[in-house]
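Working through the structure, step by step
Here is how the chains run, residue by residue.
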Amino acid sequence: MAGALAFFAAHPEKLRYLGFSTVNDYPEKMVSKYGKWARPANPTADSEPGLVPLIMWYDSMHICRANQYADLIEKEVRPGEFIESSYGIRVLEDIKSKRDEWNYEYHMDNFGFFLYRDPKIGLGAMVRHINGRGYHSREDRIKLGWPAERQGMWVD
């Protein structure tokens, strides 16, 4: 977590959201959906923690500064709306409309939301829902030849 939090200190006024990927190879998925422009050059080596531009705000596992988050919601989200289906869609459309000028630096200066890239995990999924698409029951785990109990999880 220290590596992720260090980016907030490095970009105190610009970094607004740091998410943890729920899919494998997010940049490749964005390129396949939107084109090559959706993969800006990454300024850090793969052996170091890095930031991957996130082109839509997702309500998934993330770190934000509470005061910036509260201000953003007050300004951009109406009562009853979800941030990802209101603000997130508007930002995606804005990014797509500026794709000729959009790059890593432009994204940091104008949007400030990224996925954290841990060098030990690379671009793999960092977070999964226990009962979501990555969930495997005890029985499924045994059939797959995996340990019956998930490491790091509580066992009843």
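Description of the structure in this document. (Residues numbered from 1 in each chain as written. Predicted model: local features only at pLDDT ≥ 70, side-chain atom pairs only at ≥ 80, totals over all residues. Heavy atoms only, no water.)

**Some remarks on the side chain of histidine 107**
We count it as follows: Only runs of H or I of at least four residues qualify as helices and only runs of E of at least two qualify as strands under DSSP, and these elements are numbered from the N terminus. Here, residues are in contact when the closest pair of their heavy atoms is within 4.5 Å.
Topologically, histidine 107 is positioned in helix H5 (residues 104–110). Here histidine 107 is in contact with Pro53, Leu54, Ile55, Ile95, Trp102, Gly112, Phe113 and Phe114, once residues within four sequence places are set aside.

**Notes on the packing of aromatic side chains**
For clarity, the threshold we go by: Centres within 6.5 Å make a pair out of two Phe, Tyr or Trp rings, where for Trp the six-membered ring is used; the pair is then stacked when the planes are under 30 degrees apart, edge-to-face when over 60, and tilted otherwise. Buried residues are those whose accessible area, probed at 1.4 Å on protein chains only, stays under 20% of the maximum for their type, while exposed residues exceed 50% and partly exposed ones sit between those limits.
Taken as a whole and assessed by the stated rule, the structure comprises eleven aromatic pairs. When the ring of phenylalanine 7 is compared with that of tyrosine 116, the centres are 6.2 Å apart and the planes differ by 65 degrees; the resulting orientation is edge-to-face. Of the two residues, phenylalanine 7 sits in helix H1 (residues 2–10) while tyrosine 116 sits in strand S4 (residues 113–117), which places them 109 residues apart along the sequence. Taking relative accessible area as the criterion, phenylalanine 7 reaches 13% and is therefore assigned buried. Centre to centre, the rings of tryptophan 57 and tyrosine 69 are 5.6 Å apart; their planes meet at 35 degrees, and the pair counts as tilted. On the criterion of sequence distance, the pair formed by tryptophan 57 in the loop between strand S2 (50–53) and strand S3 (62–63) and tyrosine 69 in helix H3 (residues 66–76) is long-range, its members being twelve residues apart. Residue tryptophan 57 is classed as buried on the basis of its relative accessible area of 1%. Take tyrosine 69: its relative accessible area is 22%, and that puts it in the partly exposed class. In this structure an aromatic cluster arises from ring pairing among Tyr17, Trp57, Tyr69, Tyr87, Tyr106, Phe111 and Phe113.

**Looking at the sheet that holds S4**
Inclusion rule: The pairing criterion for strands is at least two bridges between them, as found by DSSP.
Read from one edge to the other, the open sheet built from four strands follows the order S2-S4-S1-S3, with strand pairing classed as mixed. Of all the strands in the sheet, the pair left with one neighbour each is S2 and S3.

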